[in-house]
Amino acid sequence: MLVRVRSKEGTHRIEVNPSDDVIVLRDKIAKELMVADPSTITISDRPNGGGRPADSLAGQTLQELNVNHGDLLYIGFAETAVQHQAVKPSMTVTVVQDAVDDLLDTQDGLIKRPKDPRFCKHAANGMCDYCMPLEAFDPAYLEEHKIKSMSFHAYLRKLGAHDKKQGTSYIALPSLEEPSFKVKINCSSGHPPWPASICTKCQPGAITLQSQPFRLVDHVEFSSASIIDNFINYWRSTGLQRFGYMYGRYEPYPEVPLGIKAVVEAIYEPSQEGDSEGLRLENPTEGVKRADEMAIACGLQRVGMIYTDLTDDGSGNGTVLCKRHIDSYFFSSQECQFAAVMQKNHPNATKYSSTGTFGSKFVTCVIGGNLEGNIDVSSYQVSNTCVGMVDADIVEPSVEPGIMRVKEPSADRYIPDVFFKYKNEYNLVVQKDAKPSFPVEYLLVNSTHGFPVKPSPMFNSPKDFPIENRDGAFKQNAESLYRYLESGKLVELASSFHFLLFIRSMGILNDGDEMTLLVRIAISHKEEDANQLTQTPGWQTLMTVLKESASSSRGDSSSNSGR
């Protein structure tokens, strides 16, 4: 069986047998943590409880001590007992975090409080329980300010990931483990691999569903309301649902202690086929790759996905039906599965995990109708447990949107026990078997959303360039590009993500100096850069092609009208 041990060196997995003496566990811990003197090791089942010396438990088996597969034990040992000269390979992995994580790592996260005139009796430079700073994960503060989940970095502080300090910089202690519910293929017990055989060492433990206490993204901010308006306009014009990938960056979100917000600067709409009830993506790999590359050139990254679920209520007032509410569902089981796959494909890099990744900052935004009939945005993530269950093929969507089904075991699919807890009619917390199904609320993590008070979007062209993969009058082509460039100054018109994508897709400007210069114009809006670009061979070729295309188009129109 596997026993997890957590110490100031992080969290580790130790493989033991239930019949092993506790001294066997002690020696394996000493080897794993490089403890020179195993006699100093203490063991406890509580994070803050006084541990008992492992040697005092000698002669008792792990089974007798009620240590089971998957249990978490807290280990202590003398600081001088660690062989500091040895460097574990797993600790030397270089992890490149998002810039916002590096920034938040340097902050103490304490919530400052002023001196309370009623209760503080000390001098101005003193401090007491009524005015001392609060931790970023303080539950009373979060409840008072209606913050549903603590931030990811507050969660790290709660785990004690920053307890070790060297000079003015923190030493990261890997203490995060992503849940894995797959059967281990290479089991050390020597039996044939699954599905031929299975044992307690290689089978996943039972899953108890509960609300995830933290979230990796606390808020989604659209840098301009026009981003949402332009996206929704397709539905307004056609009645068809629409899907897009959001590109932006991650920044600190001061409204939540140590919080993070995803700032959305653009939405790329991949090739898709929509109808009034849903849509289907049409193998958008190549287009998404180009969008990713353009985003990187602009200093952005893919931060999430967004789609509409809108139905006009027929009143003629521009109001829509409210299909998602407390008596139906907010986020369906099918959407949970899709979000889990996308989050798995966009892992969050962190130095606090032994694998270098933990969770995901990828968010899902749904545009639907609220209770007043107005169009509104809702932002979600699914929990790490949900991602692990989908990845292990344990759950599947139900025909009832608010319900997730647990799959039936088969010859090649192992399904562990799944439970969830809820309060019964007597207000008591009870545990229930999640098979065959359970509410999707146990898998959801909510984020807030909004717009800046003083918008300052990266892309601020005064004209709307046609958006990619739209048909009819919305279509991108040489004619629409020529009309767009004729409508104003390049230094202003270049500031459009869709314009940049289309120019690059034409393959006329080279990917070196010319496209780099165009991107710089789009972001910096300098007239001298625009003048320099217009003198390049690529731009002059582009304008020649566009003029010839426009002349040809006008000739065809005259010819058709003469008939």
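See the structure above.
About the thresholds
Residues numbered from 1 in each chain as written. Predicted model: local features only at pLDDT ≥ 70, side-chain atom pairs only at ≥ 80, totals over all residues. Heavy atoms only, no water. Helix = DSSP H or I, 4+ residues; strand = E, 2+ residues; numbered from the N terminus. Buried < 20%, exposed > 50% of the residue type's maximum accessible area, 1.4 Å probe, protein only. Polar contact = N/O pair within 3.5 Å; in protein donor to acceptor, adjacent residues only side chain to side chain. 1 Å grid on protein atoms, 1.4 Å probe; cavity = no way out; pocket = protein on both sides within 12 Å on 5 of 7 lines; lining within 4 Å. Points joined across faces, edges and corners; volume = space filled by probe spheres on them. Nonpolar A, V, L, I, M, F, W, Y, C, P; charged D, E, K, R; others polar. Pairing = 2+ DSSP bridges. Axes fitted to C-alpha atoms, helices over the stretch in contact; angles between N-to-C directions. Contact = heavy atoms within 4.5 Å.

## Re the environment of Q381
Move 1: Inspection of the secondary structure puts Q381 in strand β18 (residues 375-382).
Move 2: Residue Q381 is classed as buried on the basis of its relative accessible area of 4%.
Move 3: Remark: the alpha-carbon pair of Q381 and E335, spanning 46 residues in sequence, is separated by 10 Å.
Move 4: Here S360 takes part through its backbone oxygen, which lies 2.7 Å from a polar atom of the side chain of Q381.
Move 5: Among the polar contacts made by the side chain of Q381, one reaches the main-chain carbonyl oxygen of F362 at a distance of 3.0 Å.

## Describing unusual backbone geometry
Among all residues save glycine, negative phi is the norm, and among peptide bonds the norm is trans.
Move 1: Across the junction of W194 and P195, the peptide omega takes the value 15°, indicating a cis bond.
Move 2: Its location among the elements puts P195 in the loop between β8 (169-170) and β9 (207-209).
Move 3: Looking along the chain, the bond that leaves K435 and enters P436 is cis, with omega of 5°.
Move 4: Examined against the element boundaries, P436 turns out to sit in the loop between β22 (429-433) and β23 (437-439).
Move 5: A positive phi angle is found at N66, which is not glycine, with a value near 60°.
Move 6: Within the secondary structure, N66 is located in the loop between β4 (52-53) and β5 (72-76).
Move 7: Residues other than glycine seldom take positive phi values, yet H525 does so here, at roughly 60°.
Move 8: Along the chain, H525 falls in the loop between α12 (513-524) and α13 (527-534).

## A word on empty space enclosed by the protein
Move 1: In total, this model carries 1 cavity of 30 Å³ or more according to the counting rule given.
Move 2: Empty space within the largest cavity amounts to approximately 40 Å³.
Move 3: Contributing to the lining of the largest cavity are Q212, L216, Q343, S360, Q381, V382, N384 and V445.
Move 4: Looking at the lining of the largest cavity, its residues break down into 3 nonpolar, 5 polar and no charged.

## Concerning the sheet that holds strand β17 (residues 363-369)
Move 1: Spatially, 7 strands are ordered β11-β13-β12-β16-β17-β18-β24 in a closed barrel, and the strand pairing comes out mixed. Sheet twist, expressed as the mean angle between neighbouring strand axes with direction ignored, is 35°.
Move 2: Note that strand β11 (residues 219-222) and strand β13 (residues 259-268) share 4 bridges and pair parallel. Bridge pairing in β13 links V220 to A262.
Move 3: The strands touched by helix α6 (residues 285-297) are β12 (243-253), β13 and β16 (301-308); relative to β12, the strand with the most contacts, the crossing angle is about 25°.

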